[in-house]
Amino acid sequence: MNYAFEPSAPVSIPMADGKTHFTVRRIYCVGRNYAAHVREMGFDPDREPPFFFCKPTDSVVPANPSADAQIPYPSQTSEYHFEMELVVAIGTAGRDIPVEKANDHIFGYAAGLDMT
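About the cut-offs
Residues numbered from 1 in each chain as written. Predicted model: local features only at pLDDT ≥ 70, side-chain atom pairs only at ≥ 80, totals over all residues. Heavy atoms only, no water. Salt bridge = Lys/Arg side-chain N within 4 Å of Asp/Glu carboxyl O. Helix = DSSP H or I, 4+ residues; strand = E, 2+ residues; numbered from the N terminus. Buried < 20%, exposed > 50% of the residue type's maximum accessible area, 1.4 Å probe, protein only.

(A) Structural context of the pattern of salt bridges. Inspection of the entire model under this criterion finds 2 salt bridges. Across the salt bridge formed by Asp 114 and Lys 55, the nearest N and O atoms sit 2.7 Å from each other. Separated by 59 residues along the polypeptide, Asp 114 in strand S6 (residues 106-115) and Lys 55 in strand S4 (residues 51-55) bring together distant segments of the chain. Lys 55 gets classed as partly exposed once you look at its relative accessible area, which sits at 26%. For Asp 96, the salt bridge is made with Arg 95, and the minimal N-O distance between the two is 3.9 Å. For Arg 95, a relative accessible area of 74% corresponds to the exposed category.

See below:
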């Protein structure tokens, strides 16, 4: 097959064992999901419901715990937000999953740093 541009390699993050990688296929995010942050961003938590959105997988920057991660951003940036996030890695596909079965689909958890 001829590509105009070479396809990107799959995005993955190293796991705690140091040998295995978890392939990142989709990134689902929840916005405005706690009142203090909603107010901080200038919205009313009583009027604005949480919402879901996706980020591209190439926004993942795996970080080696023993080194500084380099995250490129535009040099004219004057406002750079960051926050810790709970990352839930889904390991089993599903749809319309009953609440009592949701944990059966979780592969594991990680800490993530959201840089906006």
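Now that the structure has been shown, the text picks up again.
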